[in-house]
Structures are given as structure tokens and as C-alpha cells.
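Descriptive structure summary
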Amino acid sequence: MKLTPFIDPLPIPQYLTPLERHKCFTYYEIGMKEFFHEFHSELAPTKIWGYEGQFPGPLVNVNSGECAHVKWKNELPEQHFLPIDRTLHGSSEHMPDVRTVVHLHGAEVEPESDGHPEAWFTNNYHTVGAVFDSPVYKYNNNQRAATLWYHDHAVGITRLNVYAGLVGMYIIRDEEERKLNLPSGAYEIPLIIADRGFNEDGSLFYSDTTNVRPGPVQPGLTFPHPSVTPGEAFENITVNGKVWPFLEVEPRKYRFRILNASNERFYKMNLSNGQKIIQIGSDGGLLETPAYMDELTIAPAERMDVIIDFSKLAPDDTIVLENTAATPFDFAPPVGALPDPETDGQIMQFRVVELTAPDTSNLPAILSHIPKLRECDAAQTRDITLDADIDEYGRLKFLFNNKGFMERIDFKPQLNDTEIWRIINTAGATHPIHIHLIQFQILDRIPFDAQGFTANGLLNFTGPPVKPPVNERGWKDVVQSPPGFVTRVIMRFAPFTGRYMLHCHILEHEDHDMMRQFEVVERKCGCKTNCTCKEHKPKRKCECKKNCTCQGKCTCKKSCTCKKKKSNHPSKKERHHKKCPTCPPCSETYRCECE
């Protein structure tokens, strides 16, 4: 169905009002609902899902250090309206069709609130997954200002639930950012970009099978229908829920928080008049200095905080935000399809109108300070290979270290340790890799002999390291890993222990086993202590360093001399049992404003 571009105005998502405000936390309830949405004025209303019955969901706005408690409610019907592949892990016939769990992408949270794929729940929590803990998630927001987003993360059907509409933006603000006097209010606008396909009747289209079958079906099996595909991309580009909208802008600076919420599609974004886009922030918040870019390449799940200055344009001028990225990314034809300038080659239009008030906002030359993580501080370097494989039905699938989601946990970094991960891409395509819990820094990308590595395991570099471009030199939680390169990232594992996810954010890959767990573990004390007790053997080992006068039972205090990296955060036991001394309703102990 061919739709006319730039005839519908850009919708602006509204901020969500909390139900309760306590001294220690702010309380929200967010329901997932089925409803009909108008993607385009020439298209019949489309049945989709959304948080609070909206697509995208409402904006959640919090301050750094402000604890938010969110009760996520599944109010969806029992039957899914998109095709479920019953051969994928967690999606067998005995599993409920409609399972949801919410991941706040980019947040530093305890594992119980991270949205583990198997912490899913059905309508009214009638059935829950194996690691479901509570319907109320606690977000401490004890991190720098940044653009995060929340989306579904249910095992085996994340691609379907996100495509159905379960996405929304979550903004953390702080004083450092406020003092910069960046464009704000009506001049700060979220742009949530996602491609969609439609049937002639206006209903949402999603493929129910795949033609990419490089191998045979194993004896005794039949090819499944519906079947997962290697990726889904569509010609209709929506921004804030509208296909190719327009936005009226004044001749002044605007701040746009851009999120790529597409399943598979990458975008190479540029302005049609050749004007530079000024990037000021990435996944984890502000960059150190503005990056003046001719083009921005944004992968699924990445966020880019940008300034566009319309001050040199006259009323009635128009600019189109264009896309030049091939799909699958970044393959040349005939494998990759270049975007059509009339459809997926355009994203939205800006229309310049008269200035209503002087522009008093600033674009400082220095935005923030980002302490650099040092390679010499890394306790360990780990290798993660991205591998292409063929499953038992002859379908293409991608894996980490040739292992699937349910394999044994191999990675167990210690709390507060710094590590370097080398992402070795032999899989032939660019994968956006997301690591939960932490923000990392990109060190470099090094070309290597992928064919030789696959054959004999020898990592032979074929060129010098390539430093990340200037707009990737901030804090990140998604990294583009191109084929034939070793992408090195460095990170510190804090502030919580527990199990978290590592996965590709092409959602069809994630659902088809390109996801692994890692576990952050407590640091063990490695010191040895000697007891000088001369009485009979104490009931517990005496760990004092000086003469002990205990009478059979050692009562001296342990004196540990190991160089233990201490955390500023309470232990798991303290988090569960310590209560706020002055406000009984508060069960959050991580950062209480009363204390």
C-alpha cells in the first residue's frame, strides 16, 4: 500500500504523571493494552498494543537519584495477533501466547527489576515465568542524565511484542545537564523511529515464514509454520507512531532525542540540505563535546541526542531527514536492498515557520566530563565470538561463542571489576550488541582474518586498530559490531550482583538464540589470617592479627588486609531488610531522600 508522505503532523508523546509521590520514591502504574491506532490519515486504524494504550508509550521523566517504583500490568488478550514460532525456546505449545516482561534499557538496576526474559507474566499475573519476582520494579536512577527506553523482553516473542507496539522512552535528568541551557520545553522533542508493514485493510503485517533456508531439515522433522525469520524490515518509517510525519519548526535550535526502535533496520540519517547534525549525547548521556556530523548511523536500540539548528533557514523552507542505509545492513545489492527515495529513504520532514520568541538556548563547546576507563585496570579480557549457524530446520541462526540462551553461564565478572570484552565477528553481518546493567566505552575496532579464525581459531589481525568516531566516544550500552572486526569495549561491573543479559538487538536474532546470560558475583576475600589462641579450639576460626585472649570462643573482630574493591552500595541482604527510618511506606534503601 502506497502512502503519501508528509501529510500528518508529528505526534509528541506526553509525560506520564505518577500516581503517588513519597519522600523515598515515586510510584507509577503502567498497563499494556490492545487498541486501534492511526498510523496515517490514508490508512484504516490498525490494531496494535501499547503501554497505557499509546504507541509509543508515555514518556517517563525522572531526576537522577530519584527512585521510581513502576507496577507493570499486562492487560492484553489471551491470543497473540502476530505469528508465533512454537519451535523457539520459551514458545512451545504449552506456553501462553501472550507473555510480557519489561526491560528498562540502559538502566543500572537489580536483576529482579531488569526484565529477565523468563520473568514474564500473563494478564493479571495468572501465569508467570520461572524467574518472576514481583510486578513492581524498582528503578534507582542513580546514574547520569540519559535517554533510556523501556520495551518488552519476553523470551521467544520479544520481536513480536515490540513490533506490536510495546516501546516507550524514559528520560533521566540531572543538574549538570540543566546548567548547560540546552533547548528545552517545546524545543526538546523525542523522535522514536520504527518501520512497519501494513496489509491492504490497514492491519499490521509481519512475515510468518522465511525463504532463507541454507540447510536441510533434519530427518523426522518438518519445517515449522509460522517460522522465525533472520530479520524484518518494512518500507513505512514511523516517527512517534506516524508514517513520514512533518514537524513545524521555528528558525532556532531544537534538541531531538532519537531512538531507533526498529526490529532490524539500521538508519543512516542525513538532512536533505546538507546541513550538519550536531550530536551531543549517546546511549549513556552527554558526550564531552558536540560532534558535528554529516551523517549518523543508528542501529536498533541505540539513542542519539542531537541538536539541529534551523536559524539560518527562512519561513516556508523544508528539510527532509533522509535514510541511505541498505537492509540488511550494510550489504550491497543484490543481498542488501538500497532504500527507495520515495519510501524508506525518507524519515520525516521539517517545515520552517515564523519565529515566535528569541532563542536563548546555548550549545556549549564543553558538555560534560567522561572519565576514561584504562586498559591497565582491566582484571580480565574475555573473547566473545559472533557465529553463524544452521538450526535443525535448516534455518540461519546466530550465536555467541556457538552457544545458545540455555547453555551454562561462562562469564562471571566480579563486582566492581573492570573488564575488556573482545567481540569477534565472524558472522558476516553487523550486529548491534547490548549488555545489560552497565555502560561501557568503545576502545577500538581491529580488522582480522575472519576466514582463518573460523578455520583454525588463530586471531590474525590484518590492520591497525580503528578508533571509534567522535560520536561514539561517550558511554554506550549498544555497540555496532561489523563483520571482520574485533570490537573491543571496556566496562566496570557495578553496582549490583546477579544474572544479566548479553544479546544482539536485532530482535529476530535475539529470539532465535543470540542471547546469553552473565552473572556478576561478589568479590571473595583472598587474605589469610593466623590465630594465636593458646586455649582449646575455638568454635569459629579466629581471624585476629594480634594476641587473642578468647576463652574457648573467639570474640575478636576480623581484620582483613586484602585489597578488596569496596562498593558504595548496600549488600543484597541490606537491600531486602533495611527500612527507611522515617517513612514507613518506603521499602527502597538504595538511595532514600529522607536519610
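Residues numbered from 1 in each chain as written. Predicted model: local features only at pLDDT ≥ 70, side-chain atom pairs only at ≥ 80, totals over all residues. Heavy atoms only, no water.

Things to note about the overall build of the protein chain
Scanning the protein chain from terminus to terminus reveals five helices and 31 strands. Residues classed as buried in the protein chain amount to 57% of the 595 residues present. Partitioning the intrachain contacts of the protein chain with sequence separation of at least 6 by distance along the chain shows that 77% fall at a separation of at least 24. In the structure as shown, the protein chain presents an accessible area of about 25100 Å², 50% of it carried by carbon and sulfur atoms. (Helix = DSSP H or I, 4+ residues; strand = E, 2+ residues; numbered from the N terminus. Buried < 20%, exposed > 50% of the residue type's maximum accessible area, 1.4 Å probe, protein only. Contact = heavy atoms within 4.5 Å. Areas by Shrake-Rupley, 256 points an atom, 1.4 Å probe, with all protein chains shown as cover.)

So, the nonpolar core
Within the largest apolar cluster, 100 residues are counted, with the highest numbers of intra-cluster contacts made by Trp72, Tyr170, Phe256 and Phe350. Here the element with the most residues in this core is strand β10 (residues 188–198); it accounts for six residues. Dropping the residues within four chain positions of it, Phe350 is found in contact with Leu247, Val249, Phe256, Leu271, Ile308, Phe310, Asp317, Thr318, Ile319 and Leu321. (Core = buried A, V, L, I, M, F, W, Y, C linked by side-chain atoms within 4.5 Å.)

What to know about the confidence of the model for the protein chain
Across the protein chain, the average pLDDT comes to 91, with 88% of residues at 70 or higher. In the predicted structure, residues 534–546 sits below a pLDDT of 50 and forms 28 contacts with residues beyond four places in sequence or in another chain. (pLDDT = per-residue confidence, 0-100.)

Structural notes on the packing of aromatic side chains
Counted by the stated rule, this structure contains 26 aromatic pairs. When the ring of Trp421 is compared with that of Phe493, the centres are 5.6 Å apart and the planes differ by 40°; the resulting orientation is tilted. Of this pair, Trp421 sits in strand β25 (residues 418–425) while Phe493 sits in the loop between β29 (485–492) and β30 (498–504); the two residues are 72 residues apart in sequence, bridging distant segments of the chain. Judged on exposure class, the residue Trp421 and its partner Phe493 are both buried. Joined through ring pairs, the aromatic side chains of Tyr187, Tyr254, Phe256, Phe310 and Phe350 make up one cluster. The positively charged end of Arg99 is found above the aromatic ring belonging to Trp120, 5.6 Å away from the centroid. Seen from the ring of Tyr187, Arg252 lies directly overhead, with NZ or CZ sitting 3.5 Å from the centre. (Phe/Tyr/Trp six-rings, centres within 6.5 Å; stacked < 30°, edge-to-face > 60°. Lys NZ or Arg CZ within 6 Å of the ring centre and 35° of its normal.)

Focus: the pattern of salt bridges
Enumeration according to the criterion identifies 38 salt bridges in this entry. In this structure, a network of salt bridges that share partners links the residues Arg173, Glu177, Glu188, Arg255, Arg257 and Asp305. (Salt bridge = Lys/Arg side-chain N within 4 Å of Asp/Glu carboxyl O.)

Looking at the environment of Pro18
Position of Pro18 among the secondary structure elements: in the segment before β1 (20–21). Placed 52 residues apart in sequence, Pro18 and Val70 show a C-alpha to C-alpha distance of 9.2 Å. If sequence neighbours within four positions are ignored, Pro18 has contacts with Thr26, Tyr27 and Tyr28.

Remarks on the sheet that holds strand β24 (residues 396–400)
Ordered in space as β24-β23-β25-β29-β27, the five strands form an open sheet in which the pairing is mixed. The two strands at the open ends of the sheet, each matched to only one other strand, are β24 and β27 (440–447). Pairs of neighbouring strands in the sheet enclose a mean axial angle of 20°, with direction left out of account. (Pairing = 2+ DSSP bridges. Axes fitted to C-alpha atoms, helices over the stretch in contact; angles between N-to-C directions.)

Quick word on the sheet that holds strand β31 (residues 515–520)
Spatially, the four strands line up as an open sheet ordered β28-β26-β30-β31, and their pairing is antiparallel. Edge strands, defined here as strands with exactly one partner in the open sheet, are β28 (478–481) and β31. In this sheet, adjacent strand axes meet at a mean angle of 25° when their direction is disregarded. As paired strands, β30 and β31 are joined by six bridges and run antiparallel to one another. Across the sheet, residue Gly498 finds its bridge partner in β31, namely Val520.

Looking at the pairing of β25
Counting buried positions along β25 yields seven of eight residues, so the element is predominantly enclosed. Pairing between strand β23 (residues 380–390) and β25: seven bridges, direction parallel. Bridging across to β25, Leu386 finds its partner in Asn425. The sheet contact formed by β25 and β29 spans seven bridges and is antiparallel. Paired with Glu419 across the strands is Met491, a residue of β29.

Some details on the pairing of β29
Looking along a regular strand, one sees the side chains alternate between the two faces of the sheet. Taken across its eight residues, β29 has six buried, putting it largely inside the fold. As judged from the seven bridges shared by β27 and β29, these two strands associate in the antiparallel manner. Across the sheet, residue Arg445 finds its bridge partner in β29, namely Thr487.

Let's talk about unusual backbone geometry
Following Thr327, the chain continues to Pro328 via a peptide bond in cis, the omega torsion being -5°. Within the chain, Phe6 stands out as a residue other than glycine whose phi angle is a positive 65°. Tracing the backbone shows Phe6 in the segment before β1. With a relative accessible area of 12%, Phe6 lands in the buried category. A positive phi angle, near 90°, is found at Asp513, a position not held by glycine. Relative to the helices and strands, Asp513 resides in the loop between α4 (507–511) and β31.

Brief notes about the side chain of Asn141
Following the sequence through the fold, Asn141 ends up in the loop between β7 (136–139) and β8 (146–152). In contact with Asn141, not counting residues within four places along its chain, are Val62, Asn63, Ser64, Gly65, Glu66, Cys67, Ala68, Tyr170 and Ile172.

A closer look at the environment of Pro364
Within the secondary structure, Pro364 is located in the loop between β22 (346–352) and β23. C-alpha of Pro364 to C-alpha of Leu182: the two residues are 182 residues apart in sequence and 8.3 Å apart in space.

Remarks on the side chain of Thr430
With respect to the helices and strands, Thr430 occurs in the loop between β25 and β26 (431–435). What makes Thr430 buried here is its relative accessible area of 8%. If sequence neighbours within four positions are ignored, Thr430 has contacts with Phe266, Phe329, Asn425, Gln480, Ser481, Pro482, Pro483 and Ile506.

Description of the environment of Arg374
Note on placement: Arg374 falls in the loop between β22 and β23. Sequence-wise, Arg374 and Thr418 are 44 residues apart; in three dimensions their C-alpha atoms are separated by 8.8 Å. At 2.9 Å, the side chain of Arg374 and the side chain of Asp377 are in polar contact. (Polar contact = N/O pair within 3.5 Å; in protein donor to acceptor, adjacent residues only side chain to side chain.)

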